[in-house]
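Listed here are the chains, written in short residue letters.
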Amino acid sequence: MFIGHYALGFAAKRVAPGTSLGTLFVAPTLADLLWPVFLLLGWERVALTPATDPFLNLTFASYPTCSRCSTSCGPATARARSRSPCSW
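Residues numbered from 1 in each chain as written. Predicted model: local features only at pLDDT ≥ 70, side-chain atom pairs only at ≥ 80, totals over all residues. Heavy atoms only, no water.

### A closer look at helix α2 (residues 21–41)
And then number 1: Under the 1.5 Å per step criterion, the end-to-end length of α2 is 31 Å for 21 residues, consistent within 8% with the ideal 30 Å.
And then number 2: A bend of about 40° at Thr29 is the largest found in α2.
And then number 3: Those residues of α2 lying buried are Thr23, Leu24, Ala27, Pro28, Thr29, Ala31 and Phe38.
And then number 4: Where α2 ends, the next residue or the one after it, Gly42, has phi of about 90°, a positive value. (Helix = DSSP H or I, 4+ residues; strand = E, 2+ residues; numbered from the N terminus. Expected span 1.5 Å × (residues − 1). Bend = angle between axes of the 7 residues up to and from the residue. Buried < 20%, exposed > 50% of the residue type's maximum accessible area, 1.4 Å probe, protein only.)

### What to know about the environment of Thr49
And then number 1: The topology assignment puts Thr49 in the loop between β1 (45–48) and β2 (58–62).
And then number 2: For Thr49, a relative accessible area of 29% translates into the label partly exposed.
And then number 3: Residues Thr49 and Thr59 lie 10 residues apart in sequence; the distance between their C-alpha atoms is 6.6 Å.
And then number 4: Setting aside residues no more than four positions away along its own chain, Thr49 makes contact with Asn57 and Thr59. (Contact = heavy atoms within 4.5 Å.)

### So, the packing of aromatic side chains
And then number 1: Counted according to the given criterion, the structure contains 3 aromatic pairs.
And then number 2: For the pair Tyr6 and Phe25, a centre-to-centre distance of 4.8 Å together with 55° between the ring planes defines the contact as tilted. Placement of the pair is Tyr6 in helix α1 (residues 2–15) and Phe25 in helix α2, with a sequence separation of 19 residues.
And then number 3: Three or more aromatic residues joined by ring pairs form one cluster here, namely Tyr6, Phe10 and Phe25. (Phe/Tyr/Trp six-rings, centres within 6.5 Å; stacked < 30°, edge-to-face > 60°.)

This is the structure:
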């Protein structure tokens, strides 16, 4: 899952070589960091299901926001275009 996010950071490095690679990694990962907020707001839905593996108890019912490529590409492109140092 995270390999695709970091691939966007590497691809953006070619477009904006002056931007730090760390910044380009944080930008596409931001969607994963916002996912719990979207879940609490009701924009995305999961269901708890019993499973033998304690880490796989979530069944994703609806996740229209975080899984979109545009959710990852948008912040990464905006940060790469700004070429300003990351302040967070």
